[in-house]
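Working through the structure, step by step
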Amino acid sequence: MYSLLSHNTFGIDVSAERFQEYASVEELKTLIAQGALTTPFLHIGGGSNLLFAKDYDGLVLHSRIEGIEVMEEDDRSVSVRVGAGVVWDDFVGYCVEHGWYGTENLSLIPGEVGASAVQNIGAYGVEVKDLIISVETVNIHGEERVYAVEECGYAYRDSIFKRPENKSVFVTYVCFRLSKEEHYTLDYGTIRQELEKYPALTLPVLRKVIIDIRESKLPDPKVMGNAGSFFMNPIVPREKLEALQQEFPRIPFYELNDGRVKIPAGWMIDQCGWKGKSLGPAAVHDKQALVLVNRGGAKGSDIIALSDAVRASVREKFGIDIHPEVNLVNG
Ligand code: EPU
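Residues numbered from 1 in each chain as written. Predicted model: local features only at pLDDT ≥ 70, side-chain atom pairs only at ≥ 80, totals over all residues. Heavy atoms only, no water.

Going by an unreviewed UniProt entry, the protein chain carries the name UDP-N-acetylenolpyruvoylglucosamine reductase and comes from Bacteroides faecis. According to the UniProt record, the Pathway (unreviewed entry) comment for the protein chain is "Cell wall biogenesis; peptidoglycan biosynthesis." (UniProt positions renumbered as here; feature names shortened; annotations may be inferred.)

As a further point, take the domain arrangement of the protein chain. Taken domain by domain, the protein chain holds domain 1 (1–61), domain 2 (66–177) and domain 3 (224–327). Counting residues at the interface gives 15 residues for domain 1, matched by 16 residues for domain 2. Approximately 1200 Å² of surface area, both sides summed, lies buried where domain 1 meets domain 2, with 67% of it carried by carbon and sulfur atoms. Viewed at the interface, domain 2 and domain 1 are joined by one salt bridge. Listed by contribution, the elements that provide at least two residues to the side of domain 1 that touches domain 2 are α1 (25–33), β3 (41–44) and β5 (56–63). Of the residues forming the side of domain 1 that touches domain 2, the biggest block, four residues, is contributed by α1. Taken together, the residues of the side of domain 1 that touches domain 2 sort by class into nine nonpolar, five polar and one charged. (Domains from an automatic or database assignment. Contact = heavy atoms within 4.5 Å. Buried area = accessible area lost by both parts, 1.4 Å probe. Salt bridge = Lys/Arg side-chain N within 4 Å of Asp/Glu carboxyl O. Helix = DSSP H or I, 4+ residues; strand = E, 2+ residues; numbered from the N terminus. Nonpolar A, V, L, I, M, F, W, Y, C, P; charged D, E, K, R; others polar.)

Right, let's talk about helix α2 (residues 88–97) for a bit. The element α2 is largely enclosed, with a buried count of seven among its 10 residues. Of the positions making up α2, those classed as buried are Trp 88, Asp 89, Phe 91, Val 92, Gly 93, Cys 95 and Val 96. In this fold, the buried residues of α2 make contact with β6 (68–73), β7 (77–83), α3 (113–119), β12 (169–179) and α5 (203–217). Following α2 by one or two positions, Gly 99 adopts a phi angle in the positive range, close to 75°. (Buried < 20%, exposed > 50% of the residue type's maximum accessible area, 1.4 Å probe, protein only.)

As structure tokens, then:
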């Protein structure tokens, strides 16, 4: 048995039957040819968006493919090919150091580059899909395929790589296009307000502001186990919002370009009185109600019990079903 404690940021003490890493496409293909990838298997990234309900009776795979390589460059933009095993925030730091615009609002998101393309990570008005050119993969038969961004089925925290039929498609590299022309995305939340503390707006300043905002709201997994937002923000028809506004005139929402609206689940959970509340060793974070935390020694089932209780409250008060954003394993 192999302990997964250091491979899930929730800090759940579970094990896998076997654990296998690979550092190159060649090594992955050799493992496949040798029949080393037995079923069932689960491919993980940094384990920052996972909740294990119990031990994993199978093989856990993890990419250690490293490298940030410039593919094309002109005065206006640069294309880079990045290994799936590169720590996401190291890549953001690299872009900011090089004066490449695009990733800075996604500073400090935990996890690795491969998973960023699976999950379509997003924060502070930016989604990674807008920076991706293509995603390189190897499947369980050892076949390579490059998906152009249009083929990836990107939507809010979603892609075709999350579908069950693509469970055996492994991301090996992600190619991004970043801009060399100065531009920023500043309209989300308190970014502009925070920027007033600085004499000038630069890429490193914006990265620092994003990091400060995140650190003030989101718990550090090294201190308290968590997987960021536990739930997705539900997307509802406009009429549903209008009905809710009768009872909750201050309900926050974001308009989507298809006429529907996204309602912050954190706000609804907060309104239900869950913020800072515990259920056994699992708790709702006291600074951001969308985040569930492990107060120490929680099992996956403790977090799931809290999640079920929170979902039931939101359903009762708002008539909306919220769904986990975190991937439940064996849940
Ligand atoms: N709110 C409350 N109480 C709370 C939490 C939020 O009233 O306890 C309200 C806020 O005041 C604000 C609104 O809800 O009006 C939205 O809150 P926030 O800006 O903190 O963002 P979020 O919608 O809760 C999403 C992402 C985060 C991302 C932030 C910033 C999802 C599931 N979550 O959270 O992503 O960092 O926006 O862009 O979309 C993650 O995916 O793990 C993650 C942290």
